[in-house]
Amino acid sequence: MELLPRSPGEFSTARYWDRFFRQRGQRPFEWYGAFPELCPLLRKYVRPRDKVLVVGCGNSELSEQMYDMGMCEDIVNIDISDAVIRQMQERSASKRPKMSYLLMDMLQMDFPDAHFQVVLDKGTLDAILTDEEEATLAKVDKMFAEISRVLQVGGRYLCVSLAQAHVLKKAVEYFSQEGWVVRVHQVAGSGDKQQFVLPVFIYVMTKFRKIPGSAPQILEICPEEQEKPMRVESAERLVAAVKDRQHYALLCSQLSKTPCREQLSLDLCNKESGRPRYTLHVVDSPLMKPSRENHFAIFIIPQGRETEWLFGTEEGRRQLATSAGFGRLVTVALHREQHYEGMADIQAELSGKVMELAPPGLPARQQVPFLSVGGDIGVRTVRHCDTSPLSGEYVVEDVKGDGTCYFRRLIFVRNRNVVQSEARLLAPVPLPGQKKRRKDKKKPSPAEPPTAIDKSYLCCEHHKAMVAGLCLLGGPDPFPGEEAMLVVGLGGGSLPLFIHDYFSQAHVAVVEIDPSMLEVATQWFGFSQGNRMRVHISDGLDYVAKLAAEAPAQYDAVMFDVDSKDLTVGMSCPPPAFVEKPFLQKVKTILKPEGVFVLNLVCRDAQLKESVLATLREVFPLLYARHIEGEVNEILFCQPSPEGRWEPTELGARAQALEGALRQPGRPWDSSYVLADMLQAVKIL
């Protein structure tokens, strides 16, 4: 402890370092970065014939090791501590005749201009730039100016550093403004992971003649595992990229020592584009006692299935880890804009990186299994991409689900883990008289995914519950009849399509604010308008307000399935304005007295949710709720009159009767869709 300075400023004083090296004696002191780790990069930037200046050499063995390895012999070492210079002169005089040690202040050097090809700094800048006080920054400016003066054009300033944000930013800004090329390398395997967590970096600043005017800055970063440099557009972006790697090192250190109580997630990005390629979640099972065989595993989520409950929620991933039987499971989601050859290539790409996330106590040379559903990476085909002024960037994609089923999905990229709309695709049916192809011995080509939409199938559980809740209509016997329905929120159109097709006399009006969604629904989800189905491009708030003023008591059912564009609110469906009391009173106005208002509520904020429910109860005297298991969605059935109250136990019979009316001969019906089951968990609020 007595070797530490009383204040950071002492790091730049000769008196402190004299005392430090006298007390430390002959033991070499290395700030960080052992020679075997630094050697590959030093060989890249230091040539055998270069004249090298080492500033703030201390009693580090770095110069001696470079000399002894034949990397370079013409090395001049300087330091402000007389004690350490005498010590190093005695240590190397007879063994290394071409290397010298001089007592000199690097802020005021005696060397002529352009005297060296390389200036090497191992921790000296970090020791001086301890704060951002004006005096400290002035001292660093003098240091950089002297280094620039003694370097030849084309020479390199190599700075070994921990890359604290203020240190890196100062170095990058100074030398890039001077017209130098700045490249930052992460040192491979730097630091003893048990003693020193932070990675070590080498800044490589290459001197060029300053061009008058505003020459473009050349800033690059070379991650540890990558030789090819990545160009970045600004000093801020370079500092951020380094910070990302520091955070990753801290995360790996934490995971290597203790099990994580909460699930941790991180993105691994494409080296060329910088866009996320893999999203990893680290899931520990604290009650699991791992053996040698079940310590650690990697689970590759098939493409397109990352939004499913088992893979897309904390609870689901926890269940997956428990059922897989591993102490630590890392789930890996694949991104739609990236290309993947297959499981073997993914395993080869990820093997080194995921081992950095291994749990404590993993046996040496342990084989870590890569798992998946069915042993493959799934199928994802992007059918359409576009950008809407209202909804932002969106994607229509076909994905393979469990078994042989394919699904078409609409995804808003701003909320990529949520499926906005989904439809099942029908397998192609051979035409009458069409002969099957003869089997041959050649390996068959992969089958093309089907493209026709199965309009009889509701993929979303909340849509099934919303339709089941319509059994509240019709008096003693559930309809269907010539009802008037209003659906706010089109999406892919599966909900209004199902109502139109199965409630065969109903008239359906759909309100959608985004005209792009009507194009998507029509072109990609089989939606069409007709005598009983009309779409109105309008803000739902304005449309309902106009109806309330001009045509009250018009609708038997009003259904809200509309997402919020504001992701900062704890409620993603509907937008908050749709559940404010004045607007809900307008909704009540356009309902017939025996009608029903069906609301898809997605709210993660418990306090906000309770406030919404309280407002609904103020407006509607009868309120039923159906929570969708495994999801945040809660479907609310609101009626304007308490006279039509049905007990939850009675709703099952009404739903069964409604299903019987909807299931007509010649009309396909998904056998897994039982309306009565959808209302078993309904409760009256």
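In case you missed it, the structure is sitting above this.
Numbers given for residues are sequential positions, taken from 1 along each chain in its written order. The predicted origin of the model limits local features to residues at a pLDDT of at least 70 and limits the giving and counting of side-chain atom pairs to 80 or more, whereas totals for whole chains, interfaces and linings rest on all residues. With hydrogens and water stripped out, all remaining heavy atoms of the structure feed into the side-chain values.

Chemist: Would you explain the sheet that holds strand E2 (residues 75-79) in this entry?
Modeler: Think of a sheet as strands paired side by side through backbone hydrogen bonds, with each pair either parallel or antiparallel. An order of E3-E2-E1-E4-E5-E7-E6-E8-E9 is seen for the nine strands of this open sheet, with the pairing classed as mixed. Whereas interior strands pair on both sides, the edge strands pair on one side only; in this sheet they are strand E3 (100-103) and strand E9 (230-232). Shown here is a sheet whose adjacent strand axes are inclined to one another by a mean of 20 degrees, direction ignored. At least two bridges found by DSSP between two strands are what make those strands a pair. A run of H or I in DSSP becomes a helix once it reaches four residues, and a run of E becomes a strand once it reaches two; helices and strands are each numbered from the N terminus. Strand direction decides the pairing type here: strand E1 (residues 52-55) and strand E4 (residues 116-122), joined by four bridges, are parallel. When the sheet's bridge partners are listed, Leu 53 is paired in E4 with Val 119. Along the sheet, helix H6 (residues 134-150) contacts E1, E4 and strand E5 (151-161); its crossing angle with E5, the most-contacted strand, is approximately 140 degrees. Contacts: residue pairs with any heavy atoms within 4.5 Å of one another. Every axis corresponds to a line fitted to the C-alpha atoms, with the helix fit spanning only the stretch in contact, and the corresponding angles, defined between N-to-C directions, vary from 0 to 180 degrees. Contacting strand E6 (181-186), strand E7 (201-206), strand E8 (218-222) and E9, helix H8 (residues 235-257) crosses the sheet at an angle of about 10 degrees to E8.

Chemist: Before we go on, may I ask you to explain the packing of aromatic side chains in this structure?
Modeler: The description of an aromatic ring pair uses the distance of the two centres, along with the angle that the planes make with each other. Only the six-membered ring of Trp is used, alongside the rings of Phe and Tyr, when aromatic pairs are assigned; centres must lie within 6.5 Å, and planes under 30 degrees apart are stacked while those over 60 apart are edge-to-face, with the rest tilted. This structure, assessed with the given rule, holds 16 aromatic pairs. On the basis of an interplanar angle of 55 degrees and a centroid distance of 4.7 Å, the ring pair of Phe 144 and Phe 175 is categorised as tilted. Of this pair, Phe 144 sits in helix H6 while Phe 175 sits in helix H7 (residues 165-177), and the two are 31 residues apart along the sequence. Residue Phe 144 shares its accessibility class with Phe 175, and that shared class is buried. Ring geometry for Phe 560 and Phe 597: centres 4.9 Å apart, planes at 80 degrees, overall edge-to-face. Taken together, the residues span a long stretch of sequence, with Phe 560 in strand E23 (residues 555-560) and Phe 597 in strand E25 (residues 591-603) at a distance of 37 residues. Considered together, Phe 560 and Phe 597 belong to a single accessibility category, that of buried residues. One aromatic cluster is present, formed by Phe 144, Tyr 157, Tyr 174, Phe 175 and Trp 180 through successive ring pairs. Residue burial is assigned from relative accessible area. The probe radius is 1.4 Å, only protein chains are included, and a residue is buried under 20% of its type maximum, exposed over 50%, and partly exposed in between.

Chemist: Any chance you could explain empty space enclosed by the protein here in plain terms?
Modeler: It is the rolling of a water-molecule-sized probe over the atoms that shows where space remains empty. In the cavity and pocket records, a cavity denotes points on a 1 Å grid over the protein atoms alone where a 1.4 Å probe fits but cannot get out, a pocket denotes an open set with protein on both sides within 12 Å along at least 5 of 7 lines, and lining residues are residues with an atom within 4 Å of a point. Grid points are joined across faces, edges and corners, and a volume is the space filled by probe spheres set on the points. The tally for this structure, following the rule as stated, stands at two cavities of 30 Å³ or more. By volume, the largest cavity is sized at about 70 Å³. Forming the boundary of the largest cavity are Ala 423, Ile 453, Asp 454, Lys 455, Tyr 457, Gly 492, Gly 493, Ser 494, Leu 497 and Phe 525. There is about 30 Å³ of room inside the second largest cavity. Along its surface, the second largest cavity is lined by Gly 469, Cys 471, Leu 472, Tyr 624, Phe 637, Leu 651, Leu 679 and Val 682.

Chemist: Help me understand helix H17 (residues 606-619) in this model?
Modeler: For the α-helix, the turn length of 3.6 residues means that residues three or four positions removed from each other point alike. Helices are assigned an expected span. That span is 1.5 Å times one less than the residue count. With 14 residues, H17 should reach 20 Å at 1.5 Å per residue; the first-to-last C-alpha distance of 20 Å fits that figure. What H17 keeps buried is the set Val 612, Leu 613, Thr 615, Leu 616 and Val 619. All buried residues of H17 fall inside an arc of 160 degrees around its axis, so they share one side. Along H17, exposed side chains directed more than 90 degrees from the buried face belong to Ala 606, Gln 607 and Glu 618. Looking at the packing, one finds that the buried side of H17 touches strand E24 (571-573), helix H16 (581-590), E25, strand E26 (622-627) and strand E27 (633-639). One side-chain oxygen at the N-terminal end of H17 lies 3.0 Å from the backbone nitrogen of Gln 607; it belongs to Asp 605. Directions from the helix axis toward the C-beta atoms define the arc. As used in this structure description, the phrase polar contact means that two N or O atoms lie within 3.5 Å; if the pair is within protein, one of them must be able to donate a hydrogen and the other to accept it, and residues adjacent in sequence are counted only when both atoms belong to side chains.

Any functional reading would require information beyond the geometric quantities listed.
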